[in-house]
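# Notes for the structure review
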Amino acid sequence: MILVARASTFPFARWLAGLACHPIKDRQKLEAMVPLLILQTLPRSSAFSPNNALLTLAREVKRSPFSVTVAVPRRGLLTEALEKEGIPVVCVPGLKTYRRHDALWRFPVVALRLSELARRLSVKLLVSNHAELGPFAHAAARLNGLPWICFLRQADRPLRYYEKYRVAKADAVAAVSSAALGTYRDFLSQRGLPPNRMQVIHTGIIMPGPARDSGVEIDRSSARRADRPITIGTVGLRSVKRPELLLRLVSQVRRRNPGFRALFVGGALEEDLKRLRSLAQSMGLGDAVVFAGQQSSMEPWYGEMDVYAHTSLSEALPKAVLEAMAHSLPVVAFDVGGIPEAVVDGVTGFLCREKDEGAYASALERLISDPSLCRKMGNAGAARIQESFSPAAMADGMFMLFEEILKNRRHEGWALGRRKA
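Residues numbered from 1 in each chain as written. Predicted model: local features only at pLDDT ≥ 70, side-chain atom pairs only at ≥ 80, totals over all residues. Heavy atoms only, no water.

### Here we look at the overall build of the protein
This is how it is decided: Only DSSP runs of H or I with at least four residues qualify as helices, and only runs of E with at least two residues qualify as strands; both kinds are numbered from the N terminus onward. Relative accessibility decides the category of a residue: with a 1.4 Å probe and only protein chains considered, values under 20% of the type maximum give buried, values over 50% give exposed, and everything between is partly exposed. In what follows, a contact means two residues having at least one pair of non-hydrogen atoms within 4.5 Å.
In terms of regular secondary structure, the protein is built from 16 helices and 13 strands. Across the 421 residues that make up the protein, the buried fraction comes to 53%. Within the protein, contacts between residues at least 6 apart in sequence are counted, and of these 70% link residues at least 24 apart.

Encoded structure:
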């Protein structure tokens with residue numbers, strides 16, 4: 001299947017056409033680079049984090065031997081940010097989470113579109129930035145005789161998740177945390193499958209404000225405003241974040257410490273937001289709880305918090321926790337998923353045993369009653385992010401994995417898409 005695209009419709013067509021106008025030295029530089037195609041989902045086209053892993057990679061790729069093109073289902077804020085970083089973006093209709101019934105029509109159509117795109121761009125490696133796009137990446141890679149990499153960004157998935165999304169078919173599996181690889185290893189063991197190359201690549205977080213620009217250690221926690229009550233904050237109102245539990249914990253703590261507020265940041269359906277507000281009222285929290293809604297920039301909102309509370313029971317490595325630490329906030333969370341890979345219990349915050357609500361409430365109470373402990377843990381968290389979760393470290397891990405897989409490539413591809421040497 002050959003795609004015929006007008007330059008006005010597809011950004012990559014405009015980009016390819018524009019190469020002819022580049023000076024010869026620019027063309028030679030482009031030809032010397034290794035082309036990659038990254039498949040990216042866009043669940044919400046109107047929102048994204050500045051610490052989006054793909055955007056972080058885009059900022060770092062200029063110092064690598066790779067050139068990156070990103071395939072997305074539609075345009076949005078993320079695609080605009082990528083293009084500002086000089087990354088070509090291609091809209092591939094139908095490129096969204098694979099469903100089994102898609103095998104009848106959407107799967108072959110999208111796979112062929114991606115295969116043709118990879119061929120036109122002379123791609124050497126395919127990357128599925130989300131496991132849910134794995135079947136498309138696998139098919140397009142094999143049609144062109146290419147290796148492909150699957151990224152795992154969730155933990156504690158049922159074993160059928162890895163089978164459905166062809167994770168074991170990938171030449172390598174990268175994950176944002178060791179926890180994200182845990183159940184995948186269980187899947188391989190139970191199915192009796194040989195392990196493919198696996199690597200943990202932690203999300204890179206941009207340090208806020210002066211620390212990012214100067215490299216000088218800044219005590220940002222000391223700059224918190226004194227004209228507002230102590231604030232426990234959280235980001236995300238989806239059911240997996242369990243905002244109802246945090247409301248219950250806040251209610252418990254306020255019985256003994258009434259002089260603080262809780263700040264919930266994140267979008268939600270109107271009926272869900274109405275339910276949460278009604279629950280807060282029924283608990284007698286009243287004006288002590290603020291629902292700020294979806295925000296285009298989180299930096300000022302982290303500045304409104306003194307303690308960050310995370311109540312999820314299963315996450316690979318929550319980006320909001322890392323961002324809160326980067327903003328010098330102590331974190332209280334359950335000891336689940338990949339959270340212990342970031343939060344050091346008793347040093348950058350408190351980790352509580354799963355479902356131990358009493359210990360969680362006590363940790364919150366201890367922090368809001370001891371500002372000096374808040375500052376100490378907050379600054380320790382910021383230092384940990386700066387040292388172990390930098391954008392450069394994340395990008396270096398990706399580049400090394402890309403180089404290793406390309407060096408050891410063995411695929412010849414399926415007959416339909418096999419290339420000539």
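### Considerations on the pattern of salt bridges
We apply this condition: A pair is scored as a salt bridge if a Lys or Arg side-chain nitrogen falls within 4 Å of a carboxyl oxygen belonging to Asp or Glu.
Going through the model one piece at a time under the given rule, you end up with 16 salt bridges. Among the ionic pairs, Glu116 bridges to Arg119, the shortest N-O distance being 3.0 Å. With Glu116 and Arg119 both in helix 5 (residues 106–120) and three residues apart, the pair spans about one turn of that helix. Arg261 is the partner of Glu304 in a salt bridge, and the nearest nitrogen-oxygen pair spans 2.9 Å. Of the two residues, Glu304 is situated in the loop between helix 12 (299–302) and strand 11 (307–310) and Arg261 in strand 9 (residues 260–265); the sequence distance between them amounts to 43 residues. Classification of Arg261 by relative accessible area gives buried; the value is 17%. One continuous salt-bridge network, built from bridges that share partners, spans Arg59, Lys62 and Glu85.

### So, helix 6 (residues 134–143)
Residues separated by three or four positions in an α-helix point in the same direction, a consequence of the helix having 3.6 residues per turn. Judged by how many residues are buried, helix 6 sits mostly within the fold: 10 of 10 residues are covered. Burial in helix 6 covers these residues: Gly134, Pro135, Phe136, Ala137, His138, Ala139, Ala140, Ala141, Arg142 and Leu143. In this structure, the buried side of helix 6 is in contact with strand 1 (34–39), helix 5, strand 4 (125–128), strand 5 (148–152) and helix 7 (159–164). In the segment just after helix 6, Gly145 is the residue with positive phi, at about 65°.

### Digging into the environment of Gly284
You can see Gly284 is positioned in the loop between helix 11 (270–282) and strand 10 (289–293). For Gly284, a relative accessible area of 59% gives the class exposed. Residues Gly284 and Arg254 lie 30 residues apart in sequence; the distance between their C-alpha atoms is 9.8 Å.

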